[in-house]
Amino acid sequence: MTKKITPILLLFAAFAFLSSCHTNKKEATSKVTYQCPMKCEGEVTYDKKGSCPICKMDLQPIKTKTKDNKEISDLSIYNLPSVWTNQDNQEIELKELKGNILVMVMIYTTCQAACPRLVADMRAIEREIPENKKSKVKLVLVSIDPETDTPERLNKFAIENKMDSDQWIFLRGSEADTREFAAVLAVNYKKISPMDFSHSNIISVFNQQGELVHQKEGLGVDLKKAVDKILELVD
Amino acid sequence: MGFLAKIVFLLVATIAANTAQAQDGMVEIKGGTYIPLYGIDSTTVTITDFSMDVYPVTNAEYLEFVKAYPTWQKSKVKRLFADGNYLVDWEDDLSYGKSLTDDAPITNVSWFAAKNYCECQGKRLPTIDEWEYVAMADEISTDARTKVSYNQKILDWYEAPKSFNKKIGSTFKNYWGVYDLHGLVWEWTIDFNSVLISGESRKDVDKDSNLFCGSAAVGATDLMNYAAFMRYAFRGSMKARYSVKNLGFRCAKDSSKKLKNKP
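Residues numbered from 1 in each chain as written. Chains lettered and ligands numbered in written order. Predicted model: local features only at pLDDT ≥ 70, side-chain atom pairs only at ≥ 80, totals over all residues. Heavy atoms only, no water.

Regarding the environment of I154 of chain B
Residue and element names in this part refer to chain B. Looking at the secondary structure, you find I154 in helix 5 (residues 148-159). Classification of I154 as buried rests on a relative accessible area of 4%. In this structure the C-alpha to C-alpha distance between I154 and Y232, which are 78 residues apart in sequence, comes to 14 Å. (Helix = DSSP H or I, 4+ residues; strand = E, 2+ residues; numbered from the N terminus. Buried < 20%, exposed > 50% of the residue type's maximum accessible area, 1.4 Å probe, protein only.)

Put into structure tokens, the structure is as follows:
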């Protein structure tokens, strides 16, 4: 009985997540606190509007930071709520990658044209990272063809291309989340036939807080800038 | 689904289209096939039945949205989801001030904001193919793209200044009962980032000066291509964070009445 129920519950959970409106619950529940702009009373705060008992200036609202948002800025990709599946068929949220330097590219595994070169670029980048720093960098390949690129297929692709160490992460998500993620990376793509996509060739580097720090656009472009940026971040 | 069935389906769709009724501000759009301008690998596109908002989303409606979902207020929106021009003309978080009118279309909203607005209404943004499909209709026919007068009207609008401050419903009602697809503002589509004007890789992305690259269409021979090219080029030049003065949106929804013999 439970066996039957679990997948249904999972489906439900997934659906609830997908259909959620991404409202920020923290925002709704967090209280506004006020403080004298001159800090006459040091760090004393009030929970109502009013004026400072000492200098009589109007109290100013102060932004209270909730724990979750403490380290990620407005520009961090960890603001994205989407859930992905990796090549080991595990569910993963982007923010679980926080603290790593991310090198990201969007590809699809059946691609004959540009993707092999993008993959080669990713491997070239990986080779440039010193052995003792490797653990701080994750190389992430996101599928633009989630229908074809099942976790099994991604796993096979990883092994075939010798990208099966811990550093490599392959992700697939829903079509909508993929479209949104591409929008964040400024990657354009279009399905041009049942098997093929045309897409922009962009490799993006994100810092430990998930902010975009570098993009390499086009094929056959020098990788040095991207590598330099990564090495700068590792140190 | 067989070829014959498809033809029958199309015929029925065309006949039934005239009887569609407006529901909660939306009208039913009967599906069909057509050849859009893009792309290069041009094939016919099949549109399945869906609903579309009759009007673009207005300032007043958007105000209600940001009241209900404070994360999308001007000062609170995350920079990942909207650039500095987001609601730039609004006086503050909960007022759009006097320069903007209640029933003018909302503009200066990013793709993320537009997408989220629609999701919060239980809707979604239309796809490019859906939008173009509805927008190729004039008052009396589903596909007016070959009519010179129709294309001239669109191009005249592209040249007209400040049309974003006109009221919704001030342009013509098309065959489907949809207003303002041409004449007020450009509109976001869910897959705006599927336009790859220059093929595999785009160039000069670091320079955002290529916002309007219509000049590249000089080689285009007829007006029909020119107007559509402008739209595709505009989409191709956008990024999801951009909030632009003449760019608004409307929502769409999958048809509630699913046809049994859908392909």
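Once you've had a look at it, read on.
Some words on the side chain of T171 of chain B
Tracing the backbone shows T171 of chain B in the loop between helix 5 and strand 5 (186-187). Taking the relative accessible area as the measure of exposure, T171 of chain B reaches 16% and is therefore buried.

Here's the deal with the interface of chain A and chain B
Taken residue by residue, the interface counts 30 residues in chain A and 29 residues in chain B. Where chain A abuts chain B, roughly 2700 Å² becomes buried across the two surfaces, and 55% of that area is made up of carbon and sulfur atoms. One can count 1 salt bridge joining chain A with chain B. A salt bridge links E180 of chain A to K115 of chain B; its shortest N-O distance comes to 3.1 Å. Viewed at the interface, chain B and chain A are joined by 5 residue pairs in polar contact (both at pLDDT 80 or more). Among the residues forming the side of chain A that touches chain B, the class breakdown is 14 nonpolar, 10 polar and 6 charged. (Contact = heavy atoms within 4.5 Å. Buried area = accessible area lost by both parts, 1.4 Å probe. Salt bridge = Lys/Arg side-chain N within 4 Å of Asp/Glu carboxyl O. Polar contact = N/O pair within 3.5 Å; in protein donor to acceptor, adjacent residues only side chain to side chain. Nonpolar A, V, L, I, M, F, W, Y, C, P; charged D, E, K, R; others polar.)

A short note on the domain arrangement of chain A
How big an interface is tends to be stated in terms of the accessible area lost upon association of its parts. Partitioning chain A into structural domains gives domain 1 (32-64) and domain 2 (77-234). The straight-line distance from the C-alpha centre of domain 1 of chain A to that of domain 2 of chain A is 47 Å. (Domains from an automatic or database assignment.)

Notes on the confidence of the model for chain A
For chain A, mean pLDDT is 81; residues scoring 70 or higher make up 83% of the total. Scored below 50 in pLDDT, residues 64-69 of chain A makes 7 contacts in the model with residues more than four places away or belonging to other chains. (pLDDT = per-residue confidence, 0-100.)

A few points about the sheet that holds strand 1 (residues 26-29) of chain B
All names here are of chain B. Taken in spatial order, the 3 strands of this open sheet run 1-4-7, and their pairing is antiparallel. Each edge of the open sheet carries a strand with a single partner, namely strand 1 and strand 7 (252-254). For this sheet the average axis-to-axis angle between neighbouring strands, irrespective of direction, equals 25°. In terms of strand pairing, strand 1 meets strand 4 (residues 50-53) through 4 bridges, oriented antiparallel. Looking at the pairing, V27 lines up with M52 of strand 4. Contacting strand 1 and strand 4, helix 4 (residues 128-135) runs over the sheet at an angle of about 70° to strand 4. (Pairing = 2+ DSSP bridges. Axes fitted to C-alpha atoms, helices over the stretch in contact; angles between N-to-C directions.)

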